[in-house]
Amino acid sequence: MSFVEQINQGLSWLDLRVDIIWDYRDLFIRGIYYTIILSMSGVGIGLVLGLFAGMAKLARSLWIRWPAIAYIEFFRGTPLFVQIMLLHFAVLPTLLGRSPSPVISGIIALALNSGAYISEIFRAGIQSIARGQMEAARSLGLSHGMAMRYIILPQAFRRMIPPLGNELIVVLKDSSLLSAIAAPELANAARITMGATSRPWEPYMTIAVIYLVITLILASLVSRLERKLDYGRHSRS
Amino acid sequence: MVDTAAVNRTDVYTDTSTSTSGKMAKTEPLISVRSVHKFFGTHEVLKGIDLEVYPQEVLVIIGPSGSGKSTLLRCLNLLETYQKGEIIVDGKRLSDPKIQEDEVRRELGMVFQQFNLFPHMTVLENLILAPIKVRKKSREEAIKDARLLLQKVGLSDKEGAYPDALSGGQQQRVAIARALAMRPKAMLFDEPTSALDPEMVKEVLDVMKDLAREGMTMVVVTHEMGFAREVGDRVIFMDQGEIVEQGTPQDVFGQPKNERTKAFLSKVL
Ligand SMILES: Nc1ncnc2c1ncn2[C@@H]1O[C@H](COP(=O)(O)OP(=O)(O)OP(=O)(O)O)[C@@H](O)[C@H]1O
Ligand SMILES: [Mg+2]
């Protein structure tokens, strides 16, 4: 084979065939839908888990703090891929007595994983609110819970929006790992398409662009929300 | 252990007793502190403090930095715990393990050096939160009350503003109004003007003077000796965790007896 022929062959790789994606469009559309559903529900449940785990980690009692720390360290210290496998093939089948649906396993895995990261976001957010705020609230006779609810958390939340938005984007990208358990999301669509057509470029470039578009939209939504919640900072600081 | 100044106060206020329990013929102190010791680790910050605050009295606490003034004040509303002795506020023993902290605190308004307004709430919201949530007032009633207080501190036009849009002096006046909105039995001030630019000190002190004139019971930690002299009924000088000297402002500022008091006053006056 001549040098020129080799180059030709190499370039023919880039001879992208859009019709392949068109043929499999239903798979990709379903993939977009499930990628969004899986990551949104994962982070949604992760927010609740993270709030409780984050507050538990700040608790005085060791009996409350310790389980929270164990949970957080486990899910931050092991690969998400391993967590997905463990949950889908070992933990959930044992608990349920049957194979769980990949979507359910996927949501649970993403929720547990993001909950651990979100708890650290909560903890940092709560701790970043000056101690004086808690003292002022308590000196007015508000209980610890009321002070948290009306004074600390609303302020902490505002500071947590950028890192929470970041976490949502991370989860959205990481949801691609769920293709390993055949959850019907984007990476799974690409995997199936490549298997059926033996063409890797088209499906993976397609989902790369889709992921990019979704994350860019999310990032701009987050920064808009952040600006909207910025109270009274315009006149003085 | 009752000092002479306190006895005098008792005499003065004998007939103004408004005790709810009705069992007292004489006015009892609203706050009593009995040989209180406070440690941070092994560091003894309060070394046996005895002190009484009578209704409608303005007690001013002065002393060098680190002498334990803030710590004493914070012990009064349970922002700090103490290890020995006893503090009784409005008849409640603070060392009682069954003490309802929030019930003690709601009777004592506290004003901090750093204002500590809630930055995510407007001025009005800062004022009505605790009356609604803790005193269970209706929103309308709380707002009505808050507006009266804002008028009193001269900030009626700022009810919709966020704290960050206010000057330091304005923020501190809001903080005073916020504490007053709980209708406390006494007010605690921890260096309320120390974080202010000099030109704003007066507006805050004026509000405090008005309060004193109306008969509010006040414990004021301050470096404003003019205020102490003019408004204080009694002045306490603290140094290294002890009450070194106390008496009327005339006595403490005019003829201090203790060498440490003299040394401190010669520096600040
Ligand atoms: N949370 C704390 N942990 C350890 N030590 C503390 C703490 N708070 C105060 N102290 C120490 O207790 C002592 C008394 O402090 P305190 O703040 O009561 O003094 P102060 O009289 O209010 O001084 P200042 O005029 O500077 O406000 C100081 O030596 C201080 O370092
Ligand atoms: Mg102090």
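Residues numbered from 1 in each chain as written. Chains lettered and ligands numbered in written order. Predicted model: local features only at pLDDT ≥ 70, side-chain atom pairs only at ≥ 80, totals over all residues. Heavy atoms only, no water.

**Considerations on the overall build of chain B**
Applied cut-off: Helix and strand assignments follow DSSP, with helices taken as H or I runs no shorter than four residues and strands as E runs no shorter than two, numbered in order from the N terminus. Only C-alpha atoms enter the radius of gyration, while the globule expectation follows 2.2 Å times N to the 0.38, with N the number of residues. A simple rule labels every residue: compare its accessible area, found with a 1.4 Å probe on the protein chains alone, to the largest value its type can have, and call it buried under 20%, exposed over 50%, or partly exposed in between. Contacts are assigned to residue pairs that have any heavy atoms within 4.5 Å of one another.
The helix and strand inventory of chain B stands at ten helices and ten strands. Relative to a compact globule of 269 residues, whose C-alpha radius of gyration would be 18 Å, chain B shows 18 Å and is just as compact. Seen along its three principal axes, the alpha-carbon backbone of chain B occupies a region of about 50 × 45 × 40 Å. Residues counted as buried form 57% of the 269 residues belonging to chain B. Put simply, of all contacts in chain B between residues at least 6 apart along the chain, 65% involve residues at least 24 apart.

**Quick look at the overall build of chain A**
Helices and strands together make up the secondary structure of chain A, namely ten helices and zero strands. Of the regular secondary structure in chain A, the N- to C-terminal order runs α-α-α-α-α-α-α-α-α-α. Relative to the compact-globule value of 18 Å for 237 residues, chain A shows a C-alpha radius of gyration of 23 Å, a clear excess of over 25%. Taking the principal axes of the C-alpha coordinates as reference, chain A spans close to 85 × 55 × 35 Å. When burial is assessed residue by residue, chain A has 42% of its 237 residues classed as buried. Restricting to contacts in chain A with at least 6 residues of sequence separation, those with at least 24 account for 74%.

**Observations concerning the UniProt feature "domain: ABC transmembrane type-1" (unreviewed entry) in chain A**
Definition in use: UniProt positions are given in the numbering used here, feature names are shortened, and annotations may be inferred rather than shown by experiment.
Sequence positions flagged by UniProt for "domain: ABC transmembrane type-1" (unreviewed entry) are, in local numbering, residues 32-222 of chain A. Within residues 32-222 of chain A, the helical portion is 84% and the strand portion 0%, while the C-alpha atoms at the span's ends are 20 Å from each other.

**Thoughts on the interface of chain B and chain A**
Using the following cut-off: Each of two parts loses accessible area, computed with a 1.4 Å probe, when they are put together; buried area is these two losses added. Put simply, a salt bridge is a Lys or Arg side-chain nitrogen that is within 4 Å of an Asp or Glu carboxyl oxygen.
Chain B puts 29 residues into the contact, and the matching count from chain A is 22 residues. Both faces considered, chain B and chain A share a buried interface measuring about 2,200 Å² in area, 61% of it formed by carbon and sulfur atoms. Our enumeration of links across chain B and chain A arrives at three salt bridges. Measuring nitrogen to oxygen at the nearest pair gives 3.6 Å for the salt bridge that ties R138 of chain A to E101 of chain B.

**Focus: a nonpolar patch on the surface**
Residue and element names in this part refer to chain A. Keep this limit in mind: Patch construction takes residues with relative accessible area above 30% that form no salt bridge. Like charges are linked within 9 Å, and nonpolar side chains (Val, Leu, Ile, Met, Phe, Trp, Tyr) are linked within 5 Å. Reported accessibility uses the Shrake-Rupley method at a 1.4 Å probe radius. Residues are deemed covered only where the shown protein chains occlude them.
Taken together, F74, F81, V82, L86, V91, L95 and L96 make up a surface patch of nonpolar side chains, about 620 Å² in accessible area. In terms of residue count, the dominant contributor to the nonpolar patch is helix α5 (residues 80-96) (six residues). When you line up the elements, V91 lands in helix α5. Relative accessible area serves as the criterion here: at 35%, V91 is assigned to the partly exposed category.

**Some thoughts on the sheet that holds strand β1 (residues 31-40) of chain B**
Residues and elements named next belong to chain B. Note the threshold: Any two strands with at least two DSSP-identified bridges between them are counted as paired.
If you trace the four strands from one edge of the open sheet to the other, you get β2-β1-β4-β5, paired in antiparallel fashion. The strands lining the two open edges of the sheet, one partner per strand, are β2 (43-53) and β5 (92-93). Relative to β5, strand β4 (residues 84-89) is paired through two bridges, and the arrangement is antiparallel. When the sheet's bridge partners are listed, I88 is paired in β5 with R93.

**A closer look at the packing of aromatic side chains**
Short version of the rule: Pairing of aromatic rings covers Phe, Tyr and the six-membered ring of Trp, with a centre-to-centre limit of 6.5 Å; geometry is then stacked below 30 degrees between planes, edge-to-face above 60, and tilted otherwise. A ring is scored as having a charge over it whenever the NZ atom of a lysine or the CZ atom of an arginine sits within 6 Å of its centre and within 35 degrees of its normal.
Evaluation of the coordinates by the stated rule reveals five aromatic pairs over all chains. Look at Y33 of chain A and Y34 of chain A: their rings are 5.2 Å apart centre to centre, the planes differ by 80°, and that puts the pair in the edge-to-face class. Classification of Y34 of chain A by relative accessible area gives partly exposed; the value is 23%. Taking 5.1 Å as the distance between ring centres and 80° as the angle between the ring planes, the aromatic pair formed by F74 of chain A and F75 of chain A counts as edge-to-face. In textbook terms, an aromatic cluster arises when at least three aromatic residues are bridged by ring pairs, as seen for Y71, F74 and F75 of chain A. Over the ring of F40 of chain B we find K38 of chain B, and its NZ or CZ is 4.6 Å from the ring centre. The ring of F118 of chain B is capped by R178 of chain B, whose NZ or CZ atom sits 4.3 Å from the centre of that ring.

**Section: the confidence of the model for chain A**
This is how the line gets drawn: Confidence of the predictor in every single residue is expressed as pLDDT, which spans 0 to 100.
Here chain A averages 91 in pLDDT, and 91% of its residues register 70 or above. Across chain A, α5 of chain A holds the top mean pLDDT of 97, while helix α1 (residues 3-12) of chain A sits lowest at 60.

**Topic: the UniProt feature "domain: ABC transporter" (unreviewed entry) in chain B**
Mapped onto this numbering, the UniProt entry gives "domain: ABC transporter" (unreviewed entry) at residues 31-265 of chain B. Measuring from the first to the last C-alpha atom of residues 31-265 of chain B gives 27 Å, for a span that is 37% helix and 26% strand.

**Topic: the sheet that holds strand β9 (residues 234-239) of chain B**
All names here are of chain B. Worth spelling out the cut-off: Note on method: axes are straight lines fitted to C-alpha atoms, helices fitted across the in-contact stretch only, with angles between N-to-C directions ranging 0 to 180 degrees.
Spatially, β6-β7-β8-β3-β9-β10 is the arrangement adopted by the six strands of the open sheet, whose pairing is mixed. At either end of the open sheet lies a strand with only one pairing partner, and these are β6 (108-111) and β10 (242-247). Going across the sheet, the axis of each strand differs from the next one's by a mean of 15°, ignoring polarity. As paired strands, strand β7 (residues 186-190) and strand β8 (residues 217-221) are joined by five bridges and run parallel to one another.

**Let's talk about the nonpolar core**
Spelled out, the test is: As used in this record, nonpolar core signifies buried Ala, Val, Leu, Ile, Met, Phe, Trp, Tyr and Cys residues forming a set joined through side-chain atoms within 4.5 Å.
Among the nonpolar cores identified, the biggest contains 85 residues, and I31, V33 and I87 of chain B are the most heavily contacted of them. At 13 residues, the largest contribution of residues to this core is made by helix α8 (residues 144-174) of chain A. If sequence neighbours within four positions are ignored, I87 of chain B has contacts with S32, V33, V36, C75, L76, Y82, K92, R93 and L94 of chain B. Ranked by size, the runner-up nonpolar core spans 52 residues in total, among them M216, F237, V252 and L265 of chain B.

**A short note on the UniProt feature "transmembrane region" (unreviewed entry) in chain A**
All names here are of chain A. Per the UniProt record, "transmembrane region" (unreviewed entry) is found at residues 32-53, 74-96 and 204-223. Between the first and last C-alpha atoms of residues 74-96 the distance is 22 Å; the span itself is 91% helix and 0% strand. The span residues 204-223 is 100% helix and 0% strand, and its two end C-alpha atoms sit 29 Å from each other.

**Brief notes about unusual backbone geometry**
The phi angle at A182 of chain A is positive, at roughly 60°, despite the residue not being glycine. Within the secondary structure, A182 of chain A sits in the loop between α8 and α9 (186-197).

**So, helix α7 (residues 131-139) of chain A**
All names here are of chain A. Taken across its nine residues, α7 has eight buried, putting it largely inside the fold. Taken together, the buried positions of α7 are occupied by G132, Q133, M134, E135, A136, A137, R138 and S139. At the exit of α7 stands G141, carrying a positive phi of roughly 95°.

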